[in-house]
Amino acid sequence: MLDDIPLFSDLDATELVLLSSKAVTRQFPRNTIIINEGDQSDSLYIIRAGSVKVFLSDADGREVILNVQGPGEYFGELALIDIGPRSASVMTQDKATLSLISKSDFEDFMRQHPAATIKIMRGMVKRLRALTESVRSLALMDVYGRVAGLLLKLSKPEGDIRVIRDPLTQQDIADRVGASREMVSRILKDLKAGGYIEIHDRQITIRERLPHGW
């Protein structure tokens, strides 16, 4: 279960089996809030099936989606080493199967296998580096750069084109890049007019290399 997860990629087979034995697996319906921003909780969640969105929201209900995660990914790892409140909310996007490892079980494992500490710290550093790149994108790129980057990140190559198969609305994109839906609509309209992308049933096909600027 854990061998494909970057956080635990440096653990050996014995360590992986022992840590996996501490996991509890549960199923959650679509649109279930798993974690609320500000909550006190103490578990790592590993996605076995389905997907979740990680987001921030304000008092007016506006959201910024930090990430969308699927099978093999994880969230809540900071709760294993920190006593602070959760920094973001997490909600299932469809029916999801999650495995949970509690902080107490994780600490027991670390006490019994101290050599695994450095290995897991390496996994956390990889995660922090990825987060730094996300912050860099929000801080230094304009809206077009963030939209183009998201389209490339979500798309998969299919011959000479790239395709985003998962349905994606303009609001979804706006929430992911921290922009208004109207701005995203204008960018997509211009990319369609230029022959760079096609949109069918909320699926986006990238037919030409996206321009560097807009």
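Residues numbered from 1 in each chain as written. Predicted model: local features only at pLDDT ≥ 70, side-chain atom pairs only at ≥ 80, totals over all residues. Heavy atoms only, no water.

1. Points about the side chain of Ser 102
Okay, so step 1: With respect to the secondary-structure elements, Ser 102 resides in strand S8 (residues 96–102).
Okay, so step 2: In terms of polar contacts, Ser 102 uses its side chain to reach the side chain of Ser 104, at 3.2 Å.
Okay, so step 3: In contact with Ser 102, not counting residues within four places along its chain, are Asp 42, Ser 43 and Leu 80. (Helix = DSSP H or I, 4+ residues; strand = E, 2+ residues; numbered from the N terminus. Polar contact = N/O pair within 3.5 Å; in protein donor to acceptor, adjacent residues only side chain to side chain. Contact = heavy atoms within 4.5 Å.)

2. Digging into the environment of Ser 43
Okay, so step 1: By secondary structure assignment, the location of Ser 43 is in strand S3 (residues 43–49).
Okay, so step 2: Judged by its relative accessible area of 10%, Ser 43 is buried.
Okay, so step 3: A C-alpha to C-alpha distance of 5.6 Å links Ser 43 and Lys 103, two positions 60 residues apart in sequence.
Okay, so step 4: In this view, Ser 43 contacts Gly 76, Ala 79, Arg 86, Leu 100, Ile 101 and Ser 102; residues no more than four positions away in its chain are not counted. (Buried < 20%, exposed > 50% of the residue type's maximum accessible area, 1.4 Å probe, protein only.)

3. Quick notes on the pattern of salt bridges
Okay, so step 1: Applying the stated criterion to the full structure yields seven salt bridges.
Okay, so step 2: With a closest N to O distance of 2.4 Å, Arg 111 and Asp 108 form a salt bridge. Residue Arg 111 and its partner Asp 108 are located together in helix H2 (residues 103–112), separated by three residues, close to a single helical turn.
Okay, so step 3: Classification of Arg 111 by relative accessible area gives exposed; the value is 58%.
Okay, so step 4: Assessed through its relative accessible area of 27%, Asp 108 is described here as partly exposed. (Salt bridge = Lys/Arg side-chain N within 4 Å of Asp/Glu carboxyl O.)

4. Considering the pairing of strand S12 (residues 203–206)
Okay, so step 1: Pairing analysis gives three bridges linking strand S10 (residues 161–164) to S12, with the strands arranged antiparallel. For Val 163, the partnering residue across the bridge sits in S12 and is Thr 205.
Okay, so step 2: For strand S11 (residues 197–200) and S12, the ladder comprises four bridges, and the chain directions are antiparallel. When the bridges of S12 are listed, Glu 198 appears paired with Thr 205. (Pairing = 2+ DSSP bridges.)

5. Quick look at the sheet that holds strand S7 (residues 89–92)
Okay, so step 1: Judged by pairing direction, the sheet is antiparallel, and its four strands sit side by side in the order S2-S7-S4-S5 without closing on themselves. Each of the sheet's edge strands pairs with one partner strand only, and the pair in question is strand S2 (33–35) and strand S5 (63–69). When the angles between neighbouring strand axes are averaged without regard to direction, this sheet yields 30 degrees.
Okay, so step 2: Pairing of strand S4 (residues 52–57) with S5, which is carried by six bridges, proceeds in the antiparallel orientation. (Axes fitted to C-alpha atoms, helices over the stretch in contact; angles between N-to-C directions.)

6. Details of the packing of aromatic side chains
Okay, so step 1: Inspection of the entire model under this criterion finds one aromatic pair.
Okay, so step 2: Ring plane angle 5 degrees and centroid distance 5.0 Å describe the contact between Tyr 45 and Phe 75, whose orientation is recorded as stacked. Here Tyr 45 is found in strand S3, whereas its partner Phe 75 is found in strand S6 (residues 74–75), with 30 residues between them in sequence.
Okay, so step 3: Using a relative accessible area of 9% as the deciding quantity, one classes Tyr 45 as buried.
Okay, so step 4: Judged by relative accessible area, Phe 75 falls into the buried class, the value being 4%.
Okay, so step 5: Here Lys 53 stacks its cationic end above the ring of Phe 55, 5.1 Å away from the centre of that ring. (Phe/Tyr/Trp six-rings, centres within 6.5 Å; stacked < 30°, edge-to-face > 60°. Lys NZ or Arg CZ within 6 Å of the ring centre and 35° of its normal.)

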